[in-house]
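Each chain, written out:
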Number of protein chains: 2
Amino acid sequence: MDDLLLHFSANHSPLLPVSFLERAAHAFGDKVSIVYGPVSFSWRQTHQRCLRLASALTQLGLSPAHTVAALAPNIPALYELHFAVPMAGAVLSALNFNLDAATLAIILEKLEPKFIFVDYEYVDVILTALQLLSEKMGKRPLLVLIQELDQAATLVENDLASATADIVKYSDLLDMGETDFEMVKPKNEGDPISVNFTSGSTGEPKGVLYSHRAAYLKSLASVKLYDMVSAPVFLWTVDMFRCNGWCCTWAMAALGGTSICLRNVSARVMFDSIVLHNATHLCGGPAVLNMIADAPASERKPLPCKVHLIIAGVLPMSQVLKVEGLGFTVSHAYGMTEVLGPALVRPWRPYQLNSNSSYEHKKVKFPEGLLGDRVIEEVDIKEPETMKSVQRDGKTMGEVMFRGNTLMSGYLKDPKATQEAFKDGWYRTRDLGLFHPNGVIQLKDRAKDIIVSGGEIISTLEVEAVLLSHPKVLEAAVVGKRDEYLKEKPCAFVKLKEGYGAMSCEEIVKFCEEQLPDFMVPRTVVFGELPVNSTGKVQKFTLRVKANAMHSISLENGCQRS
Amino acid sequence: MDDLLLHFSANHSPLLPVSFLERAAHAFGDKVSIVYGPVSFSWRQTHQRCLRLASALTQLGLSPAHTVAALAPNIPALYELHFAVPMAGAVLSALNFNLDAATLAIILEKLEPKFIFVDYEYVDVILTALQLLSEKMGKRPLLVLIQELDQAATLVENDLASATADIVKYSDLLDMGETDFEMVKPKNEGDPISVNFTSGSTGEPKGVLYSHRAAYLKSLASVKLYDMVSAPVFLWTVDMFRCNGWCCTWAMAALGGTSICLRNVSARVMFDSIVLHNATHLCGGPAVLNMIADAPASERKPLPCKVHLIIAGVLPMSQVLKVEGLGFTVSHAYGMTEVLGPALVRPWRPYQLNSNSSYEHKKVKFPEGLLGDRVIEEVDIKEPETMKSVQRDGKTMGEVMFRGNTLMSGYLKDPKATQEAFKDGWYRTRDLGLFHPNGVIQLKDRAKDIIVSGGEIISTLEVEAVLLSHPKVLEAAVVGKRDEYLKEKPCAFVKLKEGYGAMSCEEIVKFCEEQLPDFMVPRTVVFGELPVNSTGKVQKFTLRVKANAMHSISLENGCQRS
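Below is a short write-up of the structure. (Residues numbered from 1 in each chain as written. Chains lettered and ligands numbered in written order. Predicted model: local features only at pLDDT ≥ 70, side-chain atom pairs only at ≥ 80, totals over all residues. Heavy atoms only, no water.)

### Re helix H2 (residues 43–59) of chain A
Residue and element names in this part refer to chain A.
Now for step 1: For H2, built from 17 residues, the straight-helix expectation of 24 Å at 1.5 Å per residue is met to within 8% by its first-to-last C-alpha distance of 24 Å.
Now for step 2: Every buried residue of H2 is listed here: Trp43, Thr46, His47, Arg49, Cys50, Leu51, Leu53, Ala54, Ser55, Ala56 and Leu57.
Now for step 3: Taken from the residues just after H2, Gly61 is the one with a positive phi, measuring 105°. (Helix = DSSP H or I, 4+ residues; strand = E, 2+ residues; numbered from the N terminus. Expected span 1.5 Å × (residues − 1). Buried < 20%, exposed > 50% of the residue type's maximum accessible area, 1.4 Å probe, protein only.)

Set out below in structure tokens:
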């Protein structure tokens, strides 16, 4: 049968997300690709704008395998760069616009971009970052200023006139580019299309490399993951700099969907956009969920169609139930930058713990942990030393691991970190979880966050889920506080909702006692703001330092339970 | 940037349709995979049955790259073989059960299968074919008898007792197989998963090879092509032997859909199944459309949900309108075995010809030609000698060509035919078509069927579409009849519907004159049965011979127009 293996250029072409756009321009050229306030484009226009951009970039010296940075909110230009940059053969890095200049400087030094696209709102921070870098960098990147589509941002231009950087306008690039530009096709579908930097909550941000193949297959998988129909209307509430918008940038072209771009996200904007455009899908973290759940009645509107809300992170049951009450369909997602966004997604439902659970004696329903039935890759839970799969008995914990095609290629210029991320052909998430006998995965905690207390293992996520289910609690984080006898004791940091009244320590402890076994109930409760990093994640290492520094008696704004 | 290219077994695995089944067993193990009369399976059960089958086949000597033939209607066993055979590393060939023993013998000689799975209805024809082959074949293949799931077909067993072939029962294979069988993974996703034989209307049937990669990507594309939601209920009206059921065998596992298997298709069975199972999708040729359109009122039922009907071939507008009137959504598909089934699909709609058309002066709406806006691969229309793309002007004809990943690898043991199928990196369909200025493709005709008459080019498909739009016409085929002065003249063969009354030649010619320019109106009309090949395609070469043999005056059952 060896003679069966025939290969022709006709029947083998690299899997490229850019091909989705070419097809979209052909197959539904007149359909709306992007809406942004009063502006909208058709797929034919988006294709032509991307060709022009790629052409202009090439004219200005961009070569295959160069990198291009972009710092912008979810506006059409950032969407277009997801196609235009790979069309020129280069690698896109959409940067987190919440970063400070010092962190941006670290990233830019590693990335060495030939171009930096910057939205007018973020010019200052980029100029400061470049200033910080000026000694270290050789040739300065060319800055491309993105202004609003329907306004002349003369103020910014004046600012820039005094800047030392070379600057060109986005609109000028579009004017100088040609639509007959021939796309630079990578020879190998394993070549990189983008770099996404992790938040770097501990240590320097790492640049996670996505291949064309991985991005292509993840985009196609979005149909299954996010329960998408053939032409979704996607409301951009998840940042495009986060795993390339969970790969929905490319997926919308694959499906011929419509992107509703938003500069700023708020409850009012979300409800208005859903009603105006019949949006079918929106994604994001718990902040998106909370905005909808807590929207004042004056900002809410009845949904005109079925709206899917896909949320990653810990989902407070009370908030989910509120949002479902408004008519949304909620799915729960679990993933990370290294697996190109969500890898496990599951329709949210209250979670009835089985008899193996430590909560057996408590007759309450818990929100489920992080589980997935819309898994797209191979997933297993393994003992990380021996790499043996754990028993699927609903109690044996291990590390969640993935393998498949929709994983990162590795970390940019960091072979050591890359080596450590993989083991024996699996990607190590460093998250702990367990398999229920029916094959459902329950995520317990980050390996480094788990609390070991008097021989018992405590998932901080589970304690947090209980805290978050209290109607007065907005945010909660639990960490281990060192203890002479028990090794660690759970310590809770809680931020209360505004307008729901105060709460005493006794009240929250009693609430936990009703729902958790004794060893899991927080011994210390501290009220106040939670420290978060640039991507909005709670910085548990900061809280651990704080918890351990606290004297066992005096507490300014909290309480202790013996 | 060369150091970006990092590859780990964790983040690169071959694209295998079998992985859809593994994921389905994990992600929706309890959901229904297959319904067949009173029998149904869950995805977990289907996975385990396929593992058992693969294990048993391996125990019985099946090795990677061996071939396995199957002759059966759309029953669960044939569905299972689509996974079990590749799990054992082998290549599946689902054969057309309408073939006669002589044609089957030719195919089996080329295929050299190690196993032949045969449904109890088709035992005779297989035994005859093997008899014909007995001298030519070395080691005889092992026959596997598939009986009905809930009956003992003792009659067949008695028949077989006298046969010379080695025979084993499907149910015995399931019993002897182990569920801990470890799948044989191909090293290369370009390795073959299946062989689909063309009808061979001219010359010997050709074995079209599908790679794992092509089948995987086509399955994912079905979401877009057939407008499938995340869990479709697929009513099996398209034969699984036809491009592996348009790749919907594998696609259902990818989507976690439910397959409603049918041994025989009829209007009553279709309506009953749609109502009983809330079927969402059914596919096939015009026969499926006609069955639904012409179903007597007593067999029709109101649809319980949105039902998508995807039909390949020439669609008579009157029939489509009837079916739409019953609530079905109709899409029109164009493709062929070599592109793994439909490659262009488009929601059906009456087609308003533009001003460039030769029908300009006729104020009628035509059913559209074969067009596609749900295209999944690159398509172009080229002048086949120079390979230059034709003008997209709505009139310049050329040959439709494809390239991309969802194309055949080549023809089994036929390097010459493979070579001829491709040219300069494109697959040649041998179909003529044109591009409208808006990018829509209109298919005109098979290159070999087109009629050249007095310097005018006539698409037989367009004349047939007009004939089929007459309420009394069931089938129609138009061919060129040699003519001394005009080179060719159109000659129509027409089969009338039963129960709609007779029709005179004058009536049909007048009908054509009202809607077609004079040179396209058939000069000869012949009433009667149309000769079809094993897959139901009209044999135009037979009709051409017949047309040219007819004297210009005497016609038994037809008429001529000067």
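Structure's up, so let's keep going.
### So, the sheet that holds strand E10 (residues 233–235) of chain B
All names here are of chain B.
Now for step 1: Here eight strands make up an open sheet; going across it, the order is E2-E1-E11-E10-E12-E13-E14-E15 and the pairing mixed. The open sheet is flanked by strand E2 (39–42) and strand E15 (341–347), the only strands paired with a single partner. Across the sheet, the mean angle from the axis of one strand to that of its neighbour is 20°, orientation sign disregarded.
Now for step 2: In this structure, strand E1 (residues 32–36) lies alongside E2, joined through four bridges in antiparallel fashion. Each residue of the ladder has a partner; that of Tyr36, found in E2, is Val39.
Now for step 3: Packed onto the sheet, helix H2 (residues 43–59) meets E1 and E2 and runs at close to 90° relative to E2. (Pairing = 2+ DSSP bridges. Axes fitted to C-alpha atoms, helices over the stretch in contact; angles between N-to-C directions. Contact = heavy atoms within 4.5 Å.)

### What to know about the interface of chain A and chain B
Where interface size is quoted, it is often the accessible area lost as the parts come together.
Now for step 1: The interface of chain A with chain B comprises 67 residues on the first partner and 67 residues on the second.
Now for step 2: When chain A packs against chain B, the two sides together hide about 4900 Å² of surface, and 58% of this comes from carbon and sulfur.
Now for step 3: Our count for the contact surface shared by chain A and chain B stands at two salt bridges.
Now for step 4: Where B:Glu189 meets A:Arg213, a salt bridge forms, and the shortest distance between an N and an O atom there is 2.9 Å.
Now for step 5: Within the residue set of the side of chain A that touches chain B, elements represented by two or more residues are helix H1 (18–27), helix H8 (212–225), helix H10 (248–255), strand E18 (378–383), strand E21 (410–411), helix H14 (415–421) and strand E23 (426–435) of chain A.
Now for step 6: By residue number, the principal contributor to the side of chain A that touches chain B is H8(A), which donates six residues.
Now for step 7: For the side of chain A that touches chain B, the residue count by class is 32 nonpolar, 20 polar and 15 charged. (Buried area = accessible area lost by both parts, 1.4 Å probe. Salt bridge = Lys/Arg side-chain N within 4 Å of Asp/Glu carboxyl O. Nonpolar A, V, L, I, M, F, W, Y, C, P; charged D, E, K, R; others polar.)

### Quick look at the packing of aromatic side chains
Now for step 1: Within the structure shown, the criterion is met by 21 aromatic pairs over all chains.
Now for step 2: For the ring pair B:Phe234 and B:Trp236, a centre distance of 4.7 Å and an interplane angle of 70° mean the geometry is edge-to-face. Accessibility classification places B:Phe234 together with B:Trp236 in one group, the buried group.
Now for step 3: Among the aromatic residues, ring-to-ring pairing joins A:Trp43, A:Tyr79 and A:Phe83 into one connected group.
Now for step 4: Taking NZ or CZ as reference, B:Arg392 lies 3.7 Å from the ring centre of B:Phe435, over its face.
Now for step 5: The ring centre of B:Tyr500 lies 5.0 Å from the NZ or CZ of B:Lys497, which sits over that ring. (Phe/Tyr/Trp six-rings, centres within 6.5 Å; stacked < 30°, edge-to-face > 60°. Lys NZ or Arg CZ within 6 Å of the ring centre and 35° of its normal.)

### Remarks on the relation of the copies chain A and chain B
Now for step 1: Rotating chain A by 180° and translating it 0.0 Å along the rotation axis places it on chain B, where the RMSD comes to 0.0 Å. Put plainly, the chains are arranged around a two-fold axis. Residue A:Val229, judged by its C-alpha, is the member of chain A lying nearest the rotation axis, at 2.7 Å.
Now for step 2: Interface overlap between copies is the fraction of interface residues in one copy that are interface residues in the other; for chain A against chain B it reaches 100%, indicating a shared surface. (Least-squares fit on C-alpha atoms with pLDDT ≥ 70 in both.)

### Some remarks on the sheet that holds strand E14 (residues 329–336) of chain A
All names here are of chain A.
Now for step 1: Spatial ordering of the open sheet is given by E2-E1-E11-E10-E12-E13-E14-E15, a layout of eight strands whose pairing is mixed. On the outer flanks of this sheet lie strand E2 (39–42) and strand E15 (341–347), each paired with one strand and no other. The mean angle between the axes of side-by-side strands here comes to 20°, regardless of whether they run parallel or antiparallel.
Now for step 2: Taken together, the three bridges between strand E10 (residues 233–235) and strand E11 (residues 258–260) define a ladder with parallel strand orientation. Each bridged residue has a counterpart across the sheet, and for Val233 the counterpart in E11 is Thr258.

### As for the pairing of strand E3 (residues 67–71) of chain A
All names here are of chain A.
Now for step 1: Buried residues dominate E3, accounting for five of its five residues.
Now for step 2: Here E3 shows no split at all, with Thr67, Ala69 and Leu71 on one side and Val68 and Ala70 on the other all buried.
Now for step 3: Once the chain exits E3 it traverses helix H3 (residues 76–87) before rejoining the sheet at strand E4 (residues 91–94), and the crossover so formed is right-handed.
Now for step 4: Where E3 and strand E5 (residues 115–119) come together, four bridges link them in parallel fashion. Across the sheet, the residue bridging to Val68 is Phe115, located in E5. (Right-handed = clockwise from strand over helix to strand, strands pointing away.)

### Observations regarding the packing of H2(B) against helix H3 (residues 76–87) of chain B
The description of two helices packed together rests on the angle between their axes and the distance between the axes.
Residues and elements named next belong to chain B.
Now for step 1: Their axes nearest at 8 Å, the elements H2 and H3 cross at an angle of 50°. Looking at the two axes, H2 sits oblique to H3. Handedness of the crossing formed by H2 with H3: right-handed. Contact with H2, carried on its side by Trp43, Thr46, His47, Arg49, Cys50, Leu51, Leu53, Ala54 and Leu57, involves Tyr79, Glu80, Leu81, Phe83, Ala84, Val85 and Met87 of H3 and no other residues of that element.
Now for step 2: When its residues are assigned to classes, the contact of H2 with H3 shows 12 nonpolar, two polar and two charged. (Parallel < 35°, antiparallel > 145°, perpendicular 65-115°, else oblique. Left-handed = near helix turned anticlockwise from the far one by under 90°.)

### Some words on the environment of A:Pro17
Residue and element names in this part refer to chain A.
Now for step 1: Here Pro17 is to be found in the segment before H1.
Now for step 2: Residue Pro17 is classed as buried on the basis of its relative accessible area, which comes to 0%.
Now for step 3: Residues in contact with Pro17, not counting those within four places in the same chain, are Phe83, Ile193, His212, Ala215, Tyr216 and Trp250.

### Focus: unusual backbone geometry
Now for step 1: You will see that A:Cys247, though not glycine, has its phi angle at about 65°, which is positive.
Now for step 2: The phi dihedral of B:Asn244 falls on the positive side, at around 55°, and the residue is not glycine.
Now for step 3: Note that B:Asn244 resides in helix H9 (residues 243–246).
Now for step 4: What makes B:Asn244 buried here is its relative accessible area of 0%.

Read these as geometric descriptors, not functional statements.
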